[in-house]
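# Chain and residue survey
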Amino acid sequence: MALGSQQDLFNCLICKKLLKDPVTIPCRHSCCRSCIKNHLDNQDHRKLYRCPQCREIITVEELKKAAGQSPPTDHGYAGPEDVACDVCTEKKQKAFKFCLQCLVFYCEKHLQHHYSVGPFQIHKLVEPAARCQDSICAQHKEVMKMFCRTDQQCICYLCHVDEHKGHDTVSAAAERTERQRELEGSRQKLQQRIQDREKEVNLFLKDEAAINQSANKALRNAEKVLYELIHIFEKRFSDVKNKIKSQQDSELGRLQNNRRKVEQEIIELKRKDVELDKLSHAEDHTYFLLKFASLSNSSVSENPPTAKVRHLQYFEKVTAALSVAGDKLQELLEEYVKITMVLPDACMLPAQPQTRADFQRYACQVTLNPNTANIHLSLSKENRKATFTREEQIYSVHPERFVYSWQVLSRESLTGRCYWEVEKSGRGVLVALAYKDISRAGAFNDCVFGNNVKSWALDCFKNSYEFRHNSRKTPIPGTWSSRIGVYLDHRAGVLSFYGVSETMTLLHRVQTTFTQPLYAGLWLSDGAAAEFCKPR
């Protein structure tokens, strides 16, 4: 009997078969939807119907309603991750708004009096979120609509007149406006950094392509020469090939690893940009201020890897050496020694650019800072050219101005890889770099470029060159040029001076460790002039 009773639960009361598309009638018993519809179609329009199971009387309208019902859904009900309405007493609906005056979450139904009842219509409604509760002062249970700049925290009005009395306080909206400007500035810097890093990724890809192309070219040339001598040179060729491939894999691995680092940094920067963008549209001022502090303090890499296209110069020495080896069989072993000696150097990435076109890839715009110029230096309108003048210029008093030495520093700080050119004229010019904290009004050696540990200078006097650092002078032989090129690799600690004409002539190179950003500088003798040339 028990089994039969259980089976009846799954059978239709009308057709007595297993329920198909079941519906529940008001007495809580179940029938097939089609059976109820057929029954209604065939019945004699009586207004009442009696359930075959419990004999409860049901109206025809109730049956029609049961036959047309669809399975219940939970749409509109609050789930585990949703914010629930505080007013609903049974199954809670999802919150539609949060009232900053009532401090209550409302579903759409219970929010209606805020639209229709006069006193409630002036209440401030915001989008519901669990974080809305963070806007409530834990001590006074009031909305924190003010910000204490003294203690850097959100407060309510009662806090303002109590423990924060006398502090520098403003409305949360006013502080939000100020921080919003900071946020936009942070976003602009992030977006610029993303663009810069994406450019670096492209350079990495070009570098990888250059290595592949150069290596493939070297292999083709090696095969052309060495396979002609296969009966003598077979083993030697294998050695050369393995060296090339090994160095190729090593260089590609390094570049690809750096590229992946930059790509990962781009992902992180874009993620932070999305968070800042989302935060910029938040309606809750307090949440904005609380969240902005954590986002603005997020750090990004200060020394990311950089890339450089090598223009197929990796393996050219290999090809040259192999061509020589093919000329004379009797010198085969001697030429092999040349190949094995030159191969490692050919595969090493050059420490710095080789041609002027290479240097121009790192060209930067340098302008002079009028606040640092000595009164005997006249600056051009664009602050690119400095000219010595016996007539004192009328400059305002400024702590960064050089008082006794006839020199000036650039406005821009220089880090990373930079290249610029200086066109000079007159008897004597110092083309220099210095730390910002170089002395401005102290003793001669403390101020003048090249006479202290805080500056490096190329002395261009008449038709000769001399390098100066920390009062040590190094004479430089070389062809005189009116234009000087300066290349800086700040991270690698490399500083090079070049004579620029039809070719790039290295005058002097420094290998050191730079501990601060550098600034370009000029010192002029009586009658001299110098100009930072525009990048081209």
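Heads up: these notes are all about the structure in this document. Since the structure is predicted, the reported quantities are computational estimates derived from the model, not experimental observations.

### Thoughts on the overall build of the chain
What the chain contains, in helices and strands, is 12 helices and 23 strands. Here the chain, with 536 residues, has 41% of them falling under the buried criterion. Expressed as a percentage of contacts within the chain between residues at least 6 apart in sequence, the contacts between residues at least 24 apart total 59%. Carbon and sulfur atoms form 51% of the exposed surface of the chain, whose accessible area is close to 30,200 Å².

### Observations regarding the sheet that holds strand β15 (residues 428-435)
With antiparallel pairing, the 6 strands of this open sheet are ordered in space as β13-β22-β15-β16-β17-β18. For this open sheet the edge positions go to β13 (407-409) and β18 (472-476), each flanked by a neighbour on one side alone. Between one strand axis and the next, the sheet turns by 20° as a mean value, whatever way the strands run. As defined by bridge partners, strand β16 (residues 455-461) adjoins strand β17 (residues 464-469) across 6 bridges and the pair is classed as antiparallel. Within β17, the position partnered with Trp456 by the bridge is His469.

### Points about the packing of aromatic side chains
Applying the stated criterion across every chain yields a total of 13 aromatic pairs. On the basis of an interplanar angle of 10° and a centroid distance of 5.8 Å, the ring pair of Phe288 and Phe292 is categorised as stacked. Of the two residues, Phe288 and Phe292 are both situated in helix α8 (residues 285-296); the distance of 4 residues between them amounts to about one turn of the helix. With respect to burial, Phe288 and Phe292 carry one shared label: buried. Of the aromatic side chains, those joined through ring pairs into one cluster are Phe359, Tyr362, Tyr419, Tyr487 and Tyr498. Stacked on the ring of Phe96, the Lys or Arg Lys97 has its end atom at 5.8 Å from the ring centre. Directly above the ring of Phe402 sits Arg440, whose terminal nitrogen or CZ lies 4.9 Å from the centroid.

### Comments concerning the pattern of salt bridges
Under the criterion given, the structure shown has 22 salt bridges. Residues Arg149 and Glu175 are paired through a salt bridge, measuring 2.7 Å at the closest nitrogen-oxygen approach. Of this pair, Arg149 sits in the loop between β8 (146-148) and β9 (153-155) while Glu175 is found in helix α6 (residues 172-226), placing the two residues 26 residues apart along the sequence. Residue Arg149 is classed as partly exposed on the basis of its relative accessible area of 32%.

### Remarks on the sheet that holds strand β19 (residues 483-489)
Strand order in the open sheet formed by 7 strands is β11-β12-β23-β14-β19-β20-β21, with antiparallel pairing between adjacent strands. Looking at strand neighbours, the two that pair on one side only are β11 (377-379) and β21 (504-511), the edges of this open sheet. Geometrically, the sheet is characterised by an average inter-axis angle of 20° between neighbouring strands, direction not taken into account. Bridge analysis of strand β14 (residues 417-425) against β19 gives 7 bridges, and the strand direction is antiparallel. The residue of β19 that forms the bridge with Glu423 is Arg483.

Criteria and cut-off values
- Residues numbered from 1 in each chain as written.
- Predicted model: local features only at pLDDT ≥ 70, side-chain atom pairs only at ≥ 80, totals over all residues.
- Heavy atoms only, no water.
- Helix = DSSP H or I, 4+ residues; strand = E, 2+ residues; numbered from the N terminus.
- Buried < 20%, exposed > 50% of the residue type's maximum accessible area, 1.4 Å probe, protein only.
- Contact = heavy atoms within 4.5 Å.
- Areas by Shrake-Rupley, 256 points an atom, 1.4 Å probe, with all protein chains shown as cover.
- Pairing = 2+ DSSP bridges.
- Axes fitted to C-alpha atoms, helices over the stretch in contact; angles between N-to-C directions.
- Phe/Tyr/Trp six-rings, centres within 6.5 Å; stacked < 30°, edge-to-face > 60°.
- Lys NZ or Arg CZ within 6 Å of the ring centre and 35° of its normal.
- Salt bridge = Lys/Arg side-chain N within 4 Å of Asp/Glu carboxyl O.

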